[in-house]
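In case you want the letters, here they are:
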Amino acid sequence: MTYSLFQLLLFFDSQSHCDFQAIYAVLEVIDSQIILDTEKRTLIIQILREAALFDIEYIQAMPASVKQALIIEYQKKLDDKNSKQ
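Residues numbered from 1 in each chain as written. Predicted model: local features only at pLDDT ≥ 70, side-chain atom pairs only at ≥ 80, totals over all residues. Heavy atoms only, no water.

Caption draft 1: View of the overall build of the protein. A tally of helices and strands in the protein yields five helices and zero strands. If you list the helices and strands of the protein from N to C, you get α-α-α-α-α. By its C-alpha atoms, the protein is 45 × 30 × 20 Å across when sized along the principal axes. Out of the 85 residues belonging to the protein, those deemed buried represent 20%. As presented, the protein carries roughly 6500 Å² of accessible surface, and 61% of it is formed by carbon and sulfur atoms. Looking at charge distribution, the protein has the averaged site of its 8 positive side-chain charges lying 5 Å from that of its 12 negative ones. (Helix = DSSP H or I, 4+ residues; strand = E, 2+ residues; numbered from the N terminus. Buried < 20%, exposed > 50% of the residue type's maximum accessible area, 1.4 Å probe, protein only. Areas by Shrake-Rupley, 256 points an atom, 1.4 Å probe, with all protein chains shown as cover. Lys, Arg positive; Asp, Glu negative; His and termini not counted. Charge placed at Lys NZ, Arg CZ, Asp CG, Glu CD.)

Caption draft 2: The nonpolar core, seen in detail. With nine residues, the main nonpolar core is built from Phe11, Ala22, Val26, Val29, Ile44, Ile47, Leu48, Ala51 and Leu53. For this core, the elements supplying multiple residues, two or more each, are helix H2 (21-31) and helix H3 (37-50). Once residues within four sequence positions are removed from consideration, Ile47 is found in contact with Ala22, Ala25, Val26 and Val29. (Core = buried A, V, L, I, M, F, W, Y, C linked by side-chain atoms within 4.5 Å. Contact = heavy atoms within 4.5 Å.)

Caption draft 3: Here's a closer look at the confidence of the model for the protein. This prediction gives the protein a mean pLDDT of 88; 100% of its residues lie at or above 70. Considering each helix and strand of the protein separately, the mean pLDDT is smallest for helix H5 (residues 64-84), with a value of 82, and largest for H2, with 97. (pLDDT = per-residue confidence, 0-100.)

Caption draft 4: Summary view of the packing of helix H1 (residues 5-16) against H2. Put simply, H1 and H2 touch, their axes get as near as 7 Å, and they point 100° apart. For the element pair H1 / H2, the angle class is roughly perpendicular. Where H1 approaches H2, its residues Phe11, Phe12 and Gln15 are matched on the opposing element by Gln21, Ala22 and Ile23. A per-class count over the contact of H1 with H2 returns four nonpolar, two polar and no charged. (Axes fitted to C-alpha atoms, helices over the stretch in contact; angles between N-to-C directions. Parallel < 35°, antiparallel > 145°, perpendicular 65-115°, else oblique. Nonpolar A, V, L, I, M, F, W, Y, C, P; charged D, E, K, R; others polar.)

Dropping the structure here:
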(Lines give C-alpha, C1' and ligand atoms only; values in the text may rest on other atoms or scores of the structure.)
Protein backbone atom coordinates (compact mmCIF):
# COMPACT_ATOMS: atom_id res chain seq x y z
CA MET A 1 0.00 0.00 0.00
CA THR A 2 1.25 3.44 -0.87
CA TYR A 3 0.19 6.89 0.23
CA SER A 4 1.14 10.29 -1.07
CA LEU A 5 2.68 12.86 1.25
CA PHE A 6 -0.42 15.00 0.74
CA GLN A 7 -2.68 12.16 1.91
CA LEU A 8 -0.59 11.63 5.04
CA LEU A 9 -0.50 15.33 5.87
CA LEU A 10 -4.24 15.63 5.33
CA PHE A 11 -4.89 12.58 7.50
CA PHE A 12 -2.78 13.84 10.41
CA ASP A 13 -4.27 17.31 10.12
CA SER A 14 -7.79 15.86 10.27
CA GLN A 15 -6.79 13.65 13.20
CA SER A 16 -5.52 16.68 15.11
CA HIS A 17 -9.07 18.05 15.01
CA CYS A 18 -10.64 14.90 16.47
CA ASP A 19 -8.14 14.10 19.25
CA PHE A 20 -6.33 11.49 17.12
CA GLN A 21 -9.16 8.97 17.53
CA ALA A 22 -8.12 6.75 14.63
CA ILE A 23 -4.51 6.69 15.75
CA TYR A 24 -5.51 5.65 19.26
CA ALA A 25 -7.79 2.97 17.80
CA VAL A 26 -4.91 1.59 15.72
CA LEU A 27 -2.67 1.55 18.79
CA GLU A 28 -5.34 -0.36 20.73
CA VAL A 29 -5.45 -2.98 17.98
CA ILE A 30 -1.66 -3.28 17.95
CA ASP A 31 -1.53 -3.67 21.75
CA SER A 32 -4.48 -6.06 21.93
CA GLN A 33 -3.87 -9.50 23.39
CA ILE A 34 -7.32 -10.65 22.22
CA ILE A 35 -7.16 -9.83 18.52
CA LEU A 36 -5.19 -12.39 16.52
CA ASP A 37 -2.04 -11.10 14.86
CA THR A 38 -3.32 -12.40 11.52
CA GLU A 39 -6.41 -10.16 11.83
CA LYS A 40 -4.66 -7.01 13.04
CA ARG A 41 -3.48 -5.79 9.63
CA THR A 42 -6.97 -5.98 8.11
CA LEU A 43 -8.52 -4.27 11.12
CA ILE A 44 -5.91 -1.49 11.11
CA ILE A 45 -6.46 -0.83 7.40
CA GLN A 46 -10.22 -0.73 7.97
CA ILE A 47 -9.82 1.79 10.81
CA LEU A 48 -7.56 4.00 8.69
CA ARG A 49 -9.90 3.89 5.71
CA GLU A 50 -12.86 4.80 7.92
CA ALA A 51 -10.78 7.79 9.04
CA ALA A 52 -10.29 8.70 5.34
CA LEU A 53 -6.71 7.53 4.93
CA PHE A 54 -7.14 5.87 1.56
CA ASP A 55 -4.18 4.17 -0.06
CA ILE A 56 -3.56 4.99 -3.70
CA GLU A 57 -4.72 1.57 -4.92
CA TYR A 58 -7.99 1.96 -2.99
CA ILE A 59 -8.55 5.41 -4.48
CA GLN A 60 -7.89 4.15 -8.00
CA ALA A 61 -10.53 1.45 -7.54
CA MET A 62 -13.18 3.97 -6.39
CA PRO A 63 -15.93 5.01 -8.75
CA ALA A 64 -15.41 8.54 -10.12
CA SER A 65 -18.53 9.80 -8.34
CA VAL A 66 -17.17 8.70 -4.95
CA LYS A 67 -13.82 10.37 -5.63
CA GLN A 68 -15.58 13.59 -6.60
CA ALA A 69 -17.75 13.52 -3.47
CA LEU A 70 -14.64 13.10 -1.31
CA ILE A 71 -12.88 15.99 -3.02
CA ILE A 72 -15.92 18.23 -2.51
CA GLU A 73 -16.13 17.28 1.17
CA TYR A 74 -12.42 17.95 1.76
CA GLN A 75 -12.70 21.29 -0.01
CA LYS A 76 -15.63 22.28 2.25
CA LYS A 77 -13.60 21.40 5.35
CA LEU A 78 -10.60 23.34 4.05
CA ASP A 79 -12.77 26.36 3.23
CA ASP A 80 -14.37 26.24 6.70
CA LYS A 81 -10.97 25.99 8.37
CA ASN A 82 -9.57 28.89 6.34
CA SER A 83 -12.58 31.11 7.01
CA LYS A 84 -12.16 30.64 10.78
CA GLN A 85 -8.54 31.79 10.73
